[in-house]
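Observations on the three-dimensional arrangement
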Amino acid sequence: MSSVSKGKFFLAILSVLILVALWGPMFFILNKGASVEGFLTLFQKDEIWDATKQSLGLATVSSFFSVLFGTMIAFAIPKVPKKWQERLNFSLVFPMILPEIAFGLALMVFFVKLGIPLGWQTLLFSHVAFSLSYSTLLMKIRVESLDLSLIDAAKDLGATPLVIFKHALLPQLIPSMAAAFVTSFALSLDDFLVSFFVKGIDQRTLPIQIYSMMRLGVKNEIYSLFVILFCISIAVVLSTQLWLKKGKKL
Amino acid sequence: MESKRHVATKKSTIILLLPFIFWGVIFVIGPFAVLGWTSISSKDIYGVIDYQSFDLHAYQSLLKPVFLGIFFKTFLFAGLCTLGCLLLGYPLAFFLSRLKGTLRSWALLGILIPFWTSFLLRILAMFELFRNSDGSDGLLYTPFGVQIAMLYNYLPFAVLPLYASFTRIETSCLEAARDLGATSFQIFLKVILPLSQRGIATAVIFVFVPSLGEFLIPDLLGGGREFYLGTFLQNQFLSARNWPLGSAMICLLVFMSFVAIAFLKKATPTSASLFDDSGSAK
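About the cut-offs
Numbering of residues begins from 1 in every chain and follows the order in which that chain's sequence is written. Written order determines the labels here, with chains lettered from A and ligands numbered from 1. Note on the predicted model: pLDDT of at least 70 is required for a residue's local features to be given, and 80 or more for side-chain atom pairs to be given and counted; whole-chain, interface and lining totals, by contrast, use all residues. Note on conventions: DSSP H or I runs of at least 4 residues are helices, E runs of at least 2 residues are strands, and numbering of each starts at the N terminus. Each residue is classified by how many other C-beta atoms fall within 10 Å of its C-beta atom, where C-beta atoms are placed from the backbone; a count of 20 or more means buried, 12 or fewer means exposed, and values in between mean partly exposed. A domain assignment, automatic or from a database, supplies the domain bounds used here. By definition, residue pairs are in contact when their C-beta atoms, positioned from the backbone, come within 7 Å. All residues other than Ala, Val, Leu, Ile, Met, Phe, Trp, Tyr, Cys, Pro, Asp, Glu, Lys and Arg, Gly among them, are scored as polar; the first ten of these are nonpolar and the last four charged. Known as pLDDT, the predictor's confidence for each residue is given on a scale from 0 to 100. Expected helix span is given by 1.5 Å per residue-to-residue step, counting one fewer step than there are residues. Fitting axes to the seven residues ending at a residue and to the seven starting there, one defines the bend at that residue as the angle between these axes.

The subject of this paragraph is the environment of B:Lys190. Mapped onto the secondary structure, B:Lys190 falls in helix H8 (residues 184-195). Under the C-beta neighbour-count criterion, B:Lys190 is labelled exposed, with 12 such atoms within 10 Å.

Structure representation (structure tokens):
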């Protein structure tokens, strides 16, 4: 029995060490960035505000389309013949597993070949294209487990399609739609490689702005920017975890 | 009546599928078709591509030692990164999966938060770590530094699928093995390892395939002194303007990703999925 507890002890020590190694470097930066001067210079930088606005706008619009289309596709999948379902699933997973650089460059070559000027429109197309897989897969799980009896009951009670949709279907869909939206939003906000290749000259999303700042030499305001971004990601993860827990209890 | 209804559902299916057809065909299949087309076209000295031509020159030049070297090095780095992530992530994920209640949720956050943190932030963390306190380069711009940073960045991608597969292994299953007289090593080899095969395969796909195309780490931490596949591709498309060569390389990269995924799918026995089903039925 003592060898078992020794093994457990060793495992615990190793795991804690790995977690410390994972977190240590980030704390190092947080420590460096959390200074008043850093924040002050950061807030005076117009290009950062501009990039943040562009990123948030792009993420909102692309996530909206991603969820809308994802929901539509998720409803269509069960109606398609079995043989096609597999192909459909494969083409959905395809952009998820490919190295991102391949996807970004393929899109760039494609836009140039078609003569579509690189700019906001190509950024939007591309962001919907890569987040669509995630939102469709999330919605698919929900659609597969829908409680159809509610819809049948509404139908029997003489509800119009619009009423059925609003009162029997939508309440069941909304939690998954929110999850799909948050996922698409996060993916869009964090994306560097695809945006890097399909953006025009005027577009600067936040990751691209950060990248060019890092290339020019790391300065104190980048650390401060990271403190803010890091706090946002902690807040998002914590709130989704709490939300999931609440959902489980209900 | 019945056939009319059938037609109606067919029509609605097509309408529902329209966005998929539009985005899937136009924005996923289309780009790769054009990319394949570009790879077999010739270009003039200014980089303008003649799509009417047929030229396998790009594939021929892929066989040059320089490009084979880049491929080999990228594979080596991605492979070592995957191996490292498995070696570190496996015990960590197992440990997390055996924790109880609140402690487990908190420990899991220790992985989830880095996972959702921007890739750039984690690269900057490595940048700071590598740089010596006096400002000299230290581990920066060395292949070893690139390797460590890749390991650091991809570790959460390996831990999460492994953790998911470990949570499906019941502790009672391990206790039963121990009661039957198995040593710790035997339990690991005969129970834990076979039951987590699927998690291992997913972790390998999540780490190996993206790390093949890794661009930011070698670019920012490798200093661009040495070419990896990602930095090489960026260079071919944006600076050297040799699109056919770059396209041919991406085609090869995509092909190899498929080979890796197909191999892993084959290597994962169906017994693992069988257990998954019985596990969830419990």
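The discussion continues.
What follows concerns the domain arrangement of chain B. All names here are of chain B. Each assigned domain of chain B is listed here: domain 1 (2-39) and domain 2 (62-281). Each of domain 1 and domain 2 was reduced to a C-alpha centroid, and the two centroids are 33 Å apart. Taken together, the four residues of domain 1 in the interface contact six residues of domain 2. In terms of residue class, the side of domain 1 that touches domain 2 is built from one nonpolar, three polar and no charged.

Our focus in this paragraph is the interface of chain A and chain B. In this assembly, 59 residues from chain A lie in contact with 59 residues from chain B. At the level of elements, helix H1 (2-33), helix H3 (46-76), helix H4 (82-97), helix H5 (100-114), helix H6 (120-144), helix H8 (161-190), helix H10 (206-215) and helix H11 (220-249) of chain A are the ones that each hand at least two residues to the side of chain A that touches chain B. In terms of residue count, H1(A) provides more of the side of chain A that touches chain B than any other element does, 15 residues in total. Here the residues of the side of chain A that touches chain B are counted per class, giving 49 nonpolar, six polar and four charged.

Here we come to the confidence of the model for chain A. Chain-level pLDDT for chain A is 86 on average; 97% of the residues reach the 70-or-more range. Element-level mean pLDDT values for chain A span from 80 in H4(A) up to 93 in helix H9 (residues 193-198) of chain A.

The next subject is helix H3 (residues 65-98) of chain B. For H3(B), with 34 residues, the first-to-last C-alpha span of 49 Å sits near the 50 Å given by 1.5 Å per residue. At B:Gly89, H3(B) is deflected by roughly 30°, the largest bend along its length, and proline B:Pro91 occurs up to four residues later in sequence.

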